[in-house]
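Structural description and commentary
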Amino acid sequence: MTALSPLCFPHETPPDSGEAIEVSPGVLWMRLPLPMALDHVNVFAFEDEGGWSIVDTGFDTRKARGIWQKLLDGPLSGAPIARVLVTHHHPDHIGLAGWFQAEHGAELLTTRTSWLTARMLTLDNQPEHVPEAIRFWDRAGMDSAEKARRMSERPFNFADMVAPLPLGYTRLQEGQRLAFGGRDWTVRMGNGHAPEHATLWAEEGDLVIAGDQMIASISPNIGVHATEPEADPLAEWLEACERLSGFARDEQLVLSGHKLPFTGLPARMTQLIKNHHTALERLMEHLALPRTAAQCFPVLFRRAIGPAEYGLALAEAVAHLNHLYQAGRISRALDDDGAWLWQAK
């Protein structure tokens, strides 16, 4: 068996706010801040004769718009934003896509699922937590103090961080070929972290636009939410990783939504897949006794989970439990508090 090349990071220092680093000829790497534990999102710009093509956008906040204006006046000056490619529908990636459409006349390219989901969610404003969300928390065994804290606050609404999306977009789909940034690209769909997550692979073999499907030093969050409580996104993510591994090459520079651009994608794909299988086996041992999803945090994450990470951790714990349950490896029963107790068969 051929040894896999280790991960390498050609650019170990990220760009400062409002600045850009050229990571390949005509390709700029920039960052936008996020008000959460994962405090940034990477965005990229590709130079074309007709204007810049940008990949992902950050949240729609006053601060983010100000940073984009600084970029437009600085490293992106001299050419318009011709198109915005959005890898998936999460707010840190699609947040300002509508602004670029409405204010800059940019064409939006994304997957149908991403566009429909984002447009639907921007129209779904809830002033208080809905019963389905509370039921989901109870089923997962959410800590009572965490539940009380959430109940005292206004819920997060997608429209809080995502600009309205005008009608009209260009669909990205599996196997599609498109040209921008002086390269020809093939679209290949990821899944699991977000449905119909677009990744783009340069046919010259030098670049991969990965979004959040493949990241160097963290695993993408794979979560189940109240919208589809019986889902098995981990199965979808593992399938996508196995399939995309067939296109991975050591020399490709991977442009991810978070952390640093890197090479050594075959090794990273192997790590990502192995890490989740190992976590599933730890979880099976932990379920020798009945546990709620929240009681599975120690074996899944092996670190303390604070309030800022609690929601994503709970969603990921349920995803791993659903995966084992749908594979027939564990059972579940409701306790007196209405929480699922999961146990190995």
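Residues numbered from 1 in each chain as written. Predicted model: local features only at pLDDT ≥ 70, side-chain atom pairs only at ≥ 80, totals over all residues. Heavy atoms only, no water.

We now examine the pattern of salt bridges. This structure, assessed with the given rule, holds 13 salt bridges. Residues R177 and E203 are paired through a salt bridge, measuring 2.7 Å at the closest nitrogen-oxygen approach. Of the two residues, R177 sits in strand β8 (residues 177–180) while E203 sits in the loop between β10 (197–202) and β11 (207–211), which places them 26 residues apart along the sequence. Among the residues examined, E203 registers a relative accessible area of 36% and is labelled partly exposed. Beyond isolated ion pairs, a larger network of salt bridges with shared partners links E146, R149, R150 and E153. (Salt bridge = Lys/Arg side-chain N within 4 Å of Asp/Glu carboxyl O. Helix = DSSP H or I, 4+ residues; strand = E, 2+ residues; numbered from the N terminus. Buried < 20%, exposed > 50% of the residue type's maximum accessible area, 1.4 Å probe, protein only.)

Extensive coverage of β11 is indicated by the burial of five of its five residues. Where burial is concerned, the two faces of β11 agree: the one with L207, I209 and G211 and the one with V208 and A210 are both buried. If you look at the hairpin formed by β10 and β11, you'll find four residues sitting between the two strands, and G205 has a positive phi there, around 85°. As paired elements, β11 and strand β12 (residues 253–256) share four bridges and run parallel to each other. (Pairing = 2+ DSSP bridges.)

The next subject is the packing of aromatic side chains. With the rule as written, the count across this model stands at 10 aromatic pairs. Between W68 and F100, the ring centres sit 5.0 Å apart and the planes meet at 85°, which makes this aromatic pair edge-to-face. Here W68 is found in helix α1 (residues 62–73), whereas its partner F100 is found in helix α3 (residues 97–104), with 32 residues between them in sequence. For the ring pair W99 and F100, a centre distance of 4.9 Å and an interplane angle of 65° mean the geometry is edge-to-face. Overall, the relative accessible area of 9% leaves W99 in the buried class. What makes F100 buried here is its relative accessible area of 0%. A network of ring pairs unites the aromatic residues F46, F180 and W185 as a single cluster. Positioned above the aromatic ring of Y325, the side-chain terminus of R332 is 4.5 Å from the ring centre. (Phe/Tyr/Trp six-rings, centres within 6.5 Å; stacked < 30°, edge-to-face > 60°. Lys NZ or Arg CZ within 6 Å of the ring centre and 35° of its normal.)

Looking now at the environment of P15. When you line up the elements, P15 lands in the segment before β1 (21–24). Linking P15 and L32, residues 17 residues apart in sequence, is a C-alpha distance of 9.8 Å. Look past the residues within four positions of P15 in its chain and what remains in contact with it is A20, I21, W29, M30 and R31. (Contact = heavy atoms within 4.5 Å.)

Going residue by residue along strand β4 (residues 52–55), you find W52 and I54 tucked away on one face and S53 and V55 tucked away on the opposite face as well. Both strand β3 (residues 40–46) and β4 contribute to a ladder of three bridges, which runs antiparallel. The partner of F44 across the bridge, within β4, is V55. If you look at the hairpin formed by β3 and β4, you'll find five residues sitting between the two strands, and G51 has a positive phi there, around 130°. Across four bridges, the pairing between β4 and strand β5 (residues 81–85) is parallel. Considered in β5, the bridge of V55 is made with L85.

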